[in-house]
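# Descriptive structure summary
Read off the chains here:
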Amino acid sequence: KRRAKITNTMLLPSNVIYKNAIKAIPSNVSFRLGFIEICRLFPQTKCLENYILETIERDFGEDVEAWVARISYAQEEMKRKSRAGKTMSKMGSIGFLAKIDSNGTRESGESNTDDRPSKKARVEEKKDPDPALSLLHEALEAVPTAKMY
């Protein structure tokens, strides 16, 4: 499993604040989730969000609230990536951003009337498992209680 690293030096003070805060209040999931909400108020804080989620995973492996939060954040991220992909595909036929086919000619700007992804795109979508669903399966194994179900 890969570890989230804080590579943006501008986030280092925030990381230090977070680490000291969780030392002072180590067993409160809601407190840590509040840091994620604060991160979302600022640009370029995704690596810090990932680090916070990683510490939640590490420290609250059997906490239902932590699992639910991780699953919901994974689902939000998947939706965000899906929206970003749709935006880029719609932008693909605009001006100098137009898609160029293998022959070096510009693809037509016309879109499918049914707005469905191509067969290749549908196959690629199936390759990537839903991270929220994967986390849900992990959660049910880690916390096999009625509350989790």
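Quick look at the overall build of the protein chain now. Assigned secondary structure in the protein chain consists of 6 helices and 0 strands. Mapped from its N terminus to its C terminus, the protein chain presents α and β elements in the order α-α-α-α-α-α. By the burial criterion, 27% of the 149 residues in the protein chain qualify as buried. Taken as a whole, the protein chain presents about 11100 Å² of accessible surface, with 56% of it coming from carbon and sulfur.

This paragraph deals with the confidence of the model for the protein chain. Summing up the model confidence of the protein chain, the mean pLDDT is 77 and the portion of residues at 70 or higher is 64%. The least confident element of the protein chain, judged by mean pLDDT, is helix 5 (residues 119-127) at 55; the most confident is helix 2 (residues 29-39) at 96. Low pLDDT, under 50, characterises residues 109-113; the predicted model gives this stretch 1 contact beyond four residues in sequence or across chains.

On the surface, I38, L41 and F42 cluster together into a nonpolar patch covering about 340 Å² of accessible area. In this structure, L41 sits in the loop between helix 2 and helix 3 (46-59). For L41, a relative accessible area of 64% translates into the label exposed.

Procedures and definitions
- Residues numbered from 1 in each chain as written.
- Predicted model: local features only at pLDDT ≥ 70, side-chain atom pairs only at ≥ 80, totals over all residues.
- Heavy atoms only, no water.
- Helix = DSSP H or I, 4+ residues; strand = E, 2+ residues; numbered from the N terminus.
- Buried < 20%, exposed > 50% of the residue type's maximum accessible area, 1.4 Å probe, protein only.
- Areas by Shrake-Rupley, 256 points an atom, 1.4 Å probe, with all protein chains shown as cover.
- pLDDT = per-residue confidence, 0-100.
- Contact = heavy atoms within 4.5 Å.
- Patch = residues over 30% accessible without salt bridge, like charges linked within 9 Å, V, L, I, M, F, W, Y side chains within 5 Å.
- Salt bridge = Lys/Arg side-chain N within 4 Å of Asp/Glu carboxyl O.

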